[in-house]
Amino acid sequence: MKPFEFLEKMDEKKENMIEIKEISRFEGNSIILGLPDVGLVGSIASAHLIDQLKLKEIAEINSDIFPPIVVVHKHRPMSPIRIYANNEIGVVISEVPISPDMINPLMESLTEWFKSNKLELVISIGGIPHPNRLEIDKPKVYGVSTSKRLDGVLRKNKIEMFEDGLIVGPSGIMLKKCMEKGINAVYLMAESHYKYPDPGAAASIINAISKILKMKIDVKLLLEKAEEIRITARDLMKRTEDVMKKMEKMHEKEIPMMYR
Amino acid sequence: MTDKLPRIFGRVFSWSHNIHTKSLEPLIHIEDLGDEIIITMDLPYVRKEDIDIYLTERILEVKAQMCRKYRCEGLGRIQKGIEFESFHKIIELPSNIIPEKARSRFKDGILEIRLPKRIRKRKIDIK
């Protein structure tokens, strides 16, 4: 056995433990990945997209490595990680924070699923902590992509490029895996509170998605409900904060030493 | 919309609240800048005039009344129908502070309190 081969085998085993159980076939060409992270920007934006675009549940994701939590909806148990879609767009949502040991296997299975569905574009969404968020009325959105062509799409839509820095967590791994597998992907980050649910940042992200996908998605109701969302998202934010601490999310605030 | 939207977050509800006083514990962030401690708190549904801040050298207490009650709907049997009308938090400070020099501001539902530390420091000459 090669050195550390047993670790590779363990990773392989974890990948196989993820099951994407389809309820119906995905027929769209773009997917949004909005997982709990900084300011719950991805989660809030995804929930709004599901509601506004009236998306239906098309798949649930199960695994023995997920926390032992089952969501009950309309008297039926379901996985906390699910995929919603219509015939144009899909959204991956999670009601539990993605812990460090879940990231690689989950992103591997999801990117394989993206590939088998021949997706044209994967958009991961999240927040980037801003120390003076209180002074910002309209949070700016930054983007990083897997290709020059997509860089052009970001620039055309006036989304500032995230030039240098560190990305800690599922979105960074997703981006890397998409690049390796030749899947078009971008990661959009809105300036946001770090530890407080930030519906304002989520609205900025939705506006950026609207421009990229040329879809009209209204954010008026999201902003009107902002205070209610901040209360109901409180507990998920707290649990996400604990997970962000474990994955050393604060590294994103560091000034990176770059080799060019 | 959005009757549904907040429920996605509210399903797995923890006990960071007090049913008897109908109060929620706010999310907080504490930053130690060396000479000063900055504490921020997320207080949705709260207006500036409804916040009370009490301070000693080592303890900070914040009570904030919401402008409308928040009622848990669409949750499980245990939480359904519970109403909350305020936030309450007591924080033991990491160092002694000077209460008279504390400053605070409230913007977009976020309370920021700046607490200068009581520090006696001496400059040391380098030989």
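Residues numbered from 1 in each chain as written. Chains lettered and ligands numbered in written order. Predicted model: local features only at pLDDT ≥ 70, side-chain atom pairs only at ≥ 80, totals over all residues. Heavy atoms only, no water.

**Student:** What exactly am I supposed to notice about the interface of chain A and chain B here?
**Tutor:** Accessible area lost during the coming together of the parts is what is often quoted as the interface size. With 34 residues of chain A in contact, the opposing surface of chain B contributes 36 residues. Taken together, the two surfaces of chain A and chain B that pack against each other cover about 3400 Å², and 59% of this comes from carbon and sulfur. The largest per-residue losses of area from chain A upon contact with chain B belong to Leu134, Tyr196 and Arg234 of chain A, which jointly make up 23% of the total buried on that side. At the surface where chain A touches chain B, the tally comes to 3 salt bridges. Among the elements of the structure, helix 2 (41-52), strand 4 (71-73), helix 7 (220-224), helix 8 (226-232) and helix 9 (234-246) of chain A are those that each provide at least two residues to the side of chain A that touches chain B. In the side of chain A that touches chain B, the residues fall into 15 nonpolar, 6 polar and 13 charged. (Contact = heavy atoms within 4.5 Å. Buried area = accessible area lost by both parts, 1.4 Å probe. Salt bridge = Lys/Arg side-chain N within 4 Å of Asp/Glu carboxyl O. Helix = DSSP H or I, 4+ residues; strand = E, 2+ residues; numbered from the N terminus. Nonpolar A, V, L, I, M, F, W, Y, C, P; charged D, E, K, R; others polar.)

**Student:** Help me understand unusual backbone geometry, please; the structure alone is not making it clear to me.
**Tutor:** It is generally the case that most residues other than glycine have a negative phi and that most peptide bonds are trans. Phi is positive for Lys54 of chain A, close to 50 degrees, though the residue is something other than glycine. Tracing the chain through its elements places Lys54 of chain A in the loop between helix 2 and strand 3 (56-62). One non-glycine residue with positive phi stands out, namely Tyr45 of chain B, at about 65 degrees. Inspection of the secondary structure assignment puts Tyr45 of chain B in the loop between strand 4 (36-42) and strand 5 (46-55).

**Student:** Hey, could you run me through the nonpolar core in this one?
**Tutor:** Most often, soluble globular proteins have nonpolar side chains that are buried together. Residues and elements named next belong to chain A. Membership of the largest hydrophobic core comes to 49 residues, with the highest contact counts inside it found for Ile32, Ile123, Leu188, Ile205, Ile209 and Leu213. When residues of this core are traced back to their parent elements, those giving at least two are helix 2, strand 7 (89-94), strand 8 (121-129), helix 4 (148-156), strand 11 (185-192), helix 6 (199-213) and helix 9. Here this core takes 9 residues from helix 6, the largest share from any one element. Of all hydrophobic cores here, the second largest spans 40 residues; its members include Leu35, Ile98, Leu110 and Val168. (Core = buried A, V, L, I, M, F, W, Y, C linked by side-chain atoms within 4.5 Å. Buried < 20%, exposed > 50% of the residue type's maximum accessible area, 1.4 Å probe, protein only.)

**Student:** Which parts of the structure should I look at to understand the packing of helix 3 (residues 100-116) of chain A against helix 5 (residues 170-180) of chain A?
**Tutor:** Each pair of packed helices gets described by two things: the angle between the helix axes and the distance between those axes. Residues and elements named next belong to chain A. Helix 5 packs onto helix 3 with a crossing angle of 45 degrees between their chain directions and a minimal axis gap of 9 Å. Our classification of the angle between helix 3 and helix 5 gives oblique. In this structure, helix 3 crosses over helix 5, and the sense of that crossing is right-handed. Residues Ile103, Asn104, Met107, Glu108, Thr111 and Phe114 of helix 3 lie in contact with helix 5, whose contacting residues are Pro170, Ile173, Met174, Lys177 and Cys178. When its residues are assigned to classes, the contact of helix 3 with helix 5 shows 7 nonpolar, 2 polar and 2 charged. (Axes fitted to C-alpha atoms, helices over the stretch in contact; angles between N-to-C directions. Parallel < 35°, antiparallel > 145°, perpendicular 65-115°, else oblique. Left-handed = near helix turned anticlockwise from the far one by under 90°.)

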